[in-house]
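Each chain is listed here by its residues.
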Amino acid sequence: MTASNPATPQPDFIRIEGVTKSFGTFKAVNNVSLNISKGELFALLGGSGCGKTTLLRMLAGFEAPTEGRIFIDGQDMAGVPAYDRPVNMMFQSYALFPHMTVAKNVGYGLKHENMTQGQRDDRVKEMLGLVQMAHLAYRRPHQLSGGQRQRVALARSLAKLPKLLLLDEPLGALDKKLREHTQFEFANIQYKLGITFVVVTHDQEEAMTLASRIAVMDQGVIRQIGSPSDIYEHPNSRFVADFIGSINMVDGEVARVEANGVEVLCPTLGEPVFVAPANSHRQGDKVSLAFRPEKVAISRRKPAAAINVLKGKVLDFGYFGKDSLFRIKLATGRVLSVNAVNTARMSAEQAVATWEEDVYLSIAPEAAMLFGADS
Amino acid sequence: MRSATRDWFNRRGWRDVIIASPYLWLVAFFLVPFIIVIVMSFAKTATQSPPFAFLPDWPFIRFETYQRLFTSSLYIRAGAISVYNAAVATVLCLLIGYPMALAITRAGKSLQRLLLMLVILPFWTSFLLRVYAWIGLMGKNSWFNKALTSAYNVFVPTSWELPGIQMMNTNFAVVLVMVYSYLPFMVLPLYANLEKLDTTLNEAAMDLGSRRWEVFRDITLPLSIPGIIAGGLLVFIPAMGELIIPSLVGNAGDPMIGRVIQQEFGQNRDWPMASAVAVALLLMLVVPLMLYNHFEAKAQKGAA
Ligand SMILES: Nc1ncnc2c1ncn2[C@@H]1O[C@H](COP(=O)(O)OP(=O)(O)OP(=O)(O)O)[C@@H](O)[C@H]1O
Ligand SMILES: [Mg+2]
């Protein structure tokens, strides 16, 4: 097996330059530019209909871009048909050939490789071993479970050792356990074979656990590209902040600018909130104050901190084992979500708070984010 | 209200009646008459009405009819010509119909409806009328014959040139008109089959390195075998027993089985022989079908 050397980084292994795909007047993919380096596990994340599959199909060669260019390993892909591209795709529907056995499915692409029959058989065995399907090599697809089919589809797309592997919602049909197991398998395979992966998903948790970098798409446009923590902790827009994880979003206005931060006045919070650092906000700017539920501290007693403390009543809460989610109603009527980790072996109502109890919320200045009203 | 209807439906045994009725139909109008035909084939001809009788003594039946059937060159020849004509017509229908069906499935939705309509359109004209139209076309003075003749004359040496091609009253005419008449029976089941195929399979094969014709060979063709068999049977079976086309455009010296049956029943008033030929025709159609089913079942089991 030829594993690529991870010591030779190729930052522009895949270059997508200003690619647009129009269906009639509708732009399914709109002026997307993005670089993916060799051996990377890259995720395309976005809601339904945002153009993820269309972008993937252009990489595979099933659709031609209306505008823009795609380079794979330095080669311009314009006019290169799907069968000549160093790319393999695992289809959302698996697309296994129903009239062939598992082994024939996996070996199908090898007919076109310059190999002896013995080498082909060995490769099929190796791939089936990799996805733990060797014992079912002579079954037909209709005799397999959904998870088994998915592994066969993966083995088939890996068999030719493509430079680039495209996975379209590869785990969509699996249960949570099998999903987590397969996510590790993907990471494992990617590490072992050094293949570049592009994974399409609408599940942000899946993208976060799988990928080294994520592109968040919306209506054909890429809104942000970054590592999972970049995108979660430093979203560049309201849209991304809202799309990834849950968040409290409150409209307000910058009341005062200081050297180390700004004070924001939000009518629905009642109290001013201090946010650090100041960035480029100016007094009077209309902004959205955003903070994630787990970045808020909740307590029965008034905290020592003098700033960013809000008082409210427990409206409702849900117990999830390792943590609990509280919905806190402020005096103004505004409801905020707050996460509390259940560190003690007590029920959440004993440990943190219970219905109708008065509680204090405190937000660290560094934990809150500000977005311009137009982002 | 709905479930009350259902209870009543179940209690009264109506369900069984409805399920059984097609079978009753088959028994009454296919099996029983066919048994009568089989029985008749073991009788002898007689000058009475109906014109057959059984032997007066045990075992009451005779096998001479079948003996004659399998030794006389007339019947064997008719059988061979029928198989040959039906097989050639089926293969030609497949070669013409497959690309048609494939093209229809690849066409846009509204065009698809129009094309299907065109396939069915000939049925709106009487079958007999269409055969007579072919008789007109094949005559030596028709534009069709003249066009074919001049095309033929272009490709052969001068000494072989013809003033006109003899098409009427030949086997060629029989096959030609059968292909024309039965083409929709090939196209429609093929279309139904091809239309259901998942086109992402084609994309998957292309993604794995196959060119268009390899995708066709490896994916589309094997997955359309059920459609090919259905269309093939729908053409081959009626073509084997075809009576009207060979009677109108064929050569009386090369009769097909249907024509022989008609002759025996009609002119010769040899009902036992007509029955025996009918039984032989049915066996020729049923035995290959049963063999196919047998091997198909075996292949299915082998895959499991
Ligand atoms: N062949 C086509 N003709 C017209 N519109 C199309 C075509 N293919 C896709 N679209 C449109 O382009 C948009 C993007 O489609 P795409 O399949 O890329 O979405 P997606 O991001 O993969 O969504 P999902 O998560 O639901 O799979 C959709 O609005 C879709 O309706
Ligand atoms: Mg999709």
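Everything numeric in this text was worked out from a predicted model, so none of it was measured. (Residues numbered from 1 in each chain as written. Chains lettered and ligands numbered in written order. Predicted model: local features only at pLDDT ≥ 70, side-chain atom pairs only at ≥ 80, totals over all residues. Heavy atoms only, no water.)

Our focus in this paragraph is the environment of B:Leu183. Residue and element names in this part refer to chain B. Within the fold, Leu183 resides in helix H8 (residues 171-196). Among the residues examined, Leu183 registers a relative accessible area of 15% and is labelled buried. Considered as a pair, Leu183 and Cys93 are 90 residues apart in the sequence and their alpha carbons are 5.5 Å apart. Those residues in contact with Leu183, other than ones at most four positions away along the chain, are Cys93, Ile96, Gly97 and Met100. (Helix = DSSP H or I, 4+ residues; strand = E, 2+ residues; numbered from the N terminus. Buried < 20%, exposed > 50% of the residue type's maximum accessible area, 1.4 Å probe, protein only. Contact = heavy atoms within 4.5 Å.)

Here we take up the nonpolar core. Ranked by internal contacts, the top residues of the largest apolar core, which has 52 residues, are B:Leu69, B:Met138, B:Met178, B:Val249 and B:Val277. Discounting residues that sit within four places of it in the chain, B:Leu69 has contacts with B:Tyr75, B:Ile76, B:Met273, B:Ala276, B:Val277 and B:Ala280. Core analysis: the next-biggest nonpolar cluster, separate from the first, contains 44 residues, A:Val19, A:Met58, A:Leu59 and B:Ala205 among them. (Core = buried A, V, L, I, M, F, W, Y, C linked by side-chain atoms within 4.5 Å.)

Here we come to the environment of B:Ala107. Within the secondary structure, B:Ala107 is located in the loop between helix H4 (73-106) and helix H5 (109-120). In this structure B:Ala107 touches B:Gln112 and B:Leu115, once residues within four positions along its chain are discounted.

A few words now on the site of ligand 1. Residue and element names in this part refer to chain A. Close to ligand 1 lie Phe23, Phe26, Ala28, Gly47, Ser48, Gly49, Cys50, Gly51, Lys52, Thr53, Thr54 and Glu169. At 2.7 Å, a side-chain N or O of Lys52 approaches an oxygen atom of ligand 1. Contacts to ligand 1 include Thr54, whose side-chain N or O atom sits 2.5 Å from an oxygen atom. Burial of ligand 1 by the protein amounts to 61% of the accessible area it has alone, namely 630 Å². When contributions to the shell around ligand 1 are tallied by element, the ones reaching two or more residues are strand E2 (26-36) and helix H1 (52-60). Take the shell around ligand 1: its biggest share by element is three residues, from H1. Residue composition of the shell around ligand 1, grouped by class: four nonpolar, six polar and two charged. (Near = heavy atom within 4 Å. Polar contact = N/O pair within 3.5 Å; in protein donor to acceptor, adjacent residues only side chain to side chain. Areas by Shrake-Rupley, 256 points an atom, 1.4 Å probe, with all protein chains shown as cover. Nonpolar A, V, L, I, M, F, W, Y, C, P; charged D, E, K, R; others polar.)

Contacts between the two partners involve 26 residues from chain A and, on the opposite side, 19 residues from chain B. Across the interface of chain A and chain B, roughly 1,900 Å² is buried in total on both sides, 58% from carbon and sulfur atoms. When the area that chain A buries against chain B is broken down by residue, the three leading residues are A:Tyr83, A:His99 and A:Tyr108, summing to 29%. The interface formed by chain A and chain B contains three salt bridges. (Buried area = accessible area lost by both parts, 1.4 Å probe. Salt bridge = Lys/Arg side-chain N within 4 Å of Asp/Glu carboxyl O.)

All names here are of chain A. The strand order across the open sheet built from four strands is E2-E1-E4-E5, with neighbouring strands paired in antiparallel fashion. Because the sheet does not close on itself, it has two edges, and the strands there are E2 and strand E5 (75-76). Relative to E2, strand E1 (residues 14-23) runs antiparallel, the two sharing seven bridges. Residue Ile14 lies in a different strand from E2, and its bridge partner there is Ile36. Across the sheet, H1 touches E1, E2 and strand E4 (67-72), and the angle it forms with E1 is around 120°. (Pairing = 2+ DSSP bridges. Axes fitted to C-alpha atoms, helices over the stretch in contact; angles between N-to-C directions.)

So, about the packing of helix H9 (residues 199-207) of chain B against helix H10 (residues 212-223) of chain B. Residue and element names in this part refer to chain B. Contact geometry for H9 and H10: axes closest at 9 Å, N-to-C directions at 140°. Comparing their axes, H10 and H9 come out oblique. As H9 runs across H10, the sense of the crossing is right-handed. Residue-level inspection shows Leu201, Asn202, Ala205 and Met206 of H9 in contact with H10, the latter providing Arg212, Val215, Ile219, Thr220 and Leu223. (Parallel < 35°, antiparallel > 145°, perpendicular 65-115°, else oblique. Left-handed = near helix turned anticlockwise from the far one by under 90°.)

As a further point, take the packing of helix H6 (residues 127-138) of chain B against H8(B). Residue and element names in this part refer to chain B. Axis separation between H6 and H8 bottoms out at 11 Å; the angle between their running directions is 135°. If you check the angle between H6 and H8, you find them oblique. The crossing of H6 and H8 is right-handed. Packed against H6, whose contacting residues are Phe127, Arg130, Val131, Trp134 and Met138, the element H8 presents Ala173, Leu176, Val177, Tyr180 and Ser181 at the interface. Among the residues making up the contact of H6 with H8, the classes are represented as eight nonpolar, one polar and one charged.

On to the pattern of salt bridges. A full pass over the atoms with the stated rule returns 25 salt bridges over all chains. Note that A:Glu17 and A:Arg15 form a salt bridge whose closest N and O atoms lie 3.1 Å from each other. The class for A:Glu17 is partly exposed, based on a relative accessible area of 33%. A relative accessible area of 23% means that A:Arg15 is categorised as partly exposed. B:Asp218 is the salt-bridge partner of A:Lys111, the closest N and O atoms lying 2.8 Å from each other. Placement of the pair is A:Lys111 in the loop between helix H2 (102-107) and helix H3 (117-130) and B:Asp218 in helix H10, with the two residues belonging to separate chains. Here the salt bridges do not stand alone but share partners, grouping A:Lys21, A:Arg57, A:Glu63 and B:Glu203 into one network.

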